[in-house]
Amino acid sequence: MNTTTTTTRGDLFQKCHEFTEATEARSQGLYPYFRPIEGFSGARIISEGRELIMAGSNNYLGLSLDPRVREAAIDAVKVYGASCSGSRFMNGTLKLHEELEQRLAAFVGKPAALCFTTGYQTNLGAISALVGRGEHIITDKLNHASIMDGIFMALGMTRQIQVHRYKHNNIEQLEQILQSLPADEPKLLVTDGVFSMEGDIARLPQMRELADRYGVRIYLDEAHAIGVIGATGRGTVEHHDGAAMADLVMCTFSKSFGSIGGFVAGDEAVVDFIKHFARPLIFSASMPPSNLAAVMKSLEIIENEPERVSRLQQIAARMRRGFTELGFDIGTSETAVIPLIIGDNQKTFLFWKYLYENGVYVNPVVSPAVPPNRALIRTSYMAIHEDSDLDRVLEVSAAGGKAAGIL
Ligand SMILES: Cc1ncc(COP(=O)(O)O)c(C=O)c1O
């Protein structure tokens, strides 16, 4: 191997050798990232040879491990092979893509849908295709990074876009922004349905009211909402009793759908436009057969087994109550994403370490993924958790909270 470790001034790699934070954290046993998982058994994982309760997965309905979903993925590989080897635009569209799109569109109540290879690419592609010169994007400050990157991509394609960020879920500030914008300039309001770190829910009815008043289109990211909220898991619109719709709905397949990929759904003309202008769709290979078949099966299960959604909601309510009673700050969480807000990075990593060593897997999140001084432990739950798992998570958290000086 030919690698150079000594660098000189002006060498591009110098900054890499000067980046030592990760190495230092590793040497103190306080580095939580990129931990390999060696196996899965229900809501438990094996990591470093030990069994841990998984309380940090987005596999909300447990479907990535469901035997029917696994089987569907295997069967699709047998029939169609392991890859489509090309983009949707050229040689990578299977009949399966189109069938799935029709079923997803029906599921979210829209005329058309379009699948991308990841959820991340869906936001990049749809947002950058839709918003161009002389147009406006209005975005919640806590929207997911992929939305922000979609905006960056749109900006990279034409610098003439105006971006307006409002305080998290703050309808008053959103209205002030909308009031200040010229009525005749096109606008897209983008929001997470369920916010990925805080676990709270977008105020869609109020947003819809403003959007109609000010002539704005709404783009709703349902990554953490579908399968999680609403009586049958149809997400934010259903959670608000169908009182308000978004113009475009996107979702990833890496969470409740137990696979990987994403889709955006809306009116036919809009989806067709995205199809022809989304660079991440046109210049990247399409979703492979195994993932398509897994999503198709998961969708069928979500439609036919709403009891999974209710079980998840019951678990989430129990954990929110449990953490609050123990004295943790869970912010404004209303869902299966429950942050334990700590603030201080060092205490957050110490708490994480205690949980990890005592058999509970969670995710520590620090700036820039959350605002500075809002470091947190992101916990999240699955319909396949057993009550005894949940009791254990609360028990270890109580002890760890005391040990790390949080409680
Ligand atoms: C709100 C939100 N949107 C989009 C994405 C991107 O989806 P994926 O990871 O499936 O590419 C995520 C992923 O975490 C997310 O949380």
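Everything discussed here concerns the structure shown above.
Residues numbered from 1 in each chain as written. Predicted model: local features only at pLDDT ≥ 70, side-chain atom pairs only at ≥ 80, totals over all residues. Heavy atoms only, no water.

## Looking at the pairing of strand β8 (residues 217–221)
A large share of β8 lies buried, amounting to 4 of its 5 residues. Two elements, strand β7 (residues 187–192) and β8, share 5 bridges in a ladder whose sense is parallel. Bridge pairing in β8 places Thr191 opposite Leu220. Between β7 and its parallel partner β8, the chain crosses via helix α8 (residues 204–214), and the hand of that crossover is right-handed. (Buried < 20%, exposed > 50% of the residue type's maximum accessible area, 1.4 Å probe, protein only. Helix = DSSP H or I, 4+ residues; strand = E, 2+ residues; numbered from the N terminus. Pairing = 2+ DSSP bridges. Right-handed = clockwise from strand over helix to strand, strands pointing away.)

## Observations concerning the sheet that holds strand β11 (residues 337–343)
Reading across from one edge, β11-β14-β13 is the order of the 3 strands in this open sheet, with antiparallel pairing throughout. A single partner strand is all that each edge strand has here, and the edge strands are β11 and β13 (363–365). On average, each strand axis in the sheet is inclined to that of its neighbour by 25°, with strand direction left out of account. Judged from the 6 bridges that link them, β11 and strand β14 (residues 375–380) form a sheet pairing that is antiparallel. Bridging from a neighbouring strand, Gly343 pairs with Ala375 of β14. Along the sheet face, helix α13 (residues 306–326) touches β11 and β14 and points at about 20° away from the line of β11. Sitting on the sheet, helix α14 (residues 345–357) touches β11, β13 and β14, and the angle it makes with β14 is about 35°. (Axes fitted to C-alpha atoms, helices over the stretch in contact; angles between N-to-C directions. Contact = heavy atoms within 4.5 Å.)

## Overview of the site of the ligand
The full set close to the ligand counts 14 residues, and Tyr120, Asp221, His224, Ser254 and Lys255 are the nearest of them. Within the backbone of Gly119, one N or O atom sits 3.1 Å away from an oxygen atom of the ligand. For the ligand, an oxygen atom lies 2.9 Å from a polar atom in the side chain of Lys255. Against a free-state accessible area of 390 Å², the protein chains account for coverage of 84% of the ligand. Broken down by class, the residue content of the shell around the ligand amounts to 2 nonpolar, 9 polar and 3 charged. (Near = heavy atom within 4 Å. Polar contact = N/O pair within 3.5 Å; in protein donor to acceptor, adjacent residues only side chain to side chain. Areas by Shrake-Rupley, 256 points an atom, 1.4 Å probe, with all protein chains shown as cover. Nonpolar A, V, L, I, M, F, W, Y, C, P; charged D, E, K, R; others polar.)

## Examining the environment of Ile138
Mapped onto the fold, Ile138 is located in strand β5 (residues 136–140). Since its relative accessible area comes to 0%, Ile138 is described here as buried. Excluding residues that lie within four positions of it along the chain, Ile138 makes contacts with His164, Tyr166, Leu174, Ile177, Leu178, Leu181, Lys187, Leu188, Leu189 and Val190.

## Concerning the sheet that holds strand β4 (residues 112–116)
If you walk across this open sheet you meet the 7 strands as β4-β10-β9-β8-β7-β5-β6, and the pairing is mixed. Bordering the open sheet on either side are β4 and β6 (162–166), each of which pairs with just one other strand. Ignoring strand direction, the axes of neighbouring strands in this sheet form an average angle of 20°. Here 4 bridges tie strand β9 (residues 248–252) to strand β10 (residues 262–266), and the two strands are oriented antiparallel to one another. In the strand pairing of β10, Met250 is matched with Val264. Sheet contacts for helix α10 (residues 268–277): β4, β9 and β10; angle to β4, the most-contacted strand, approximately 25°.

Keep in mind these numbers describe shape, not what the thing actually does.
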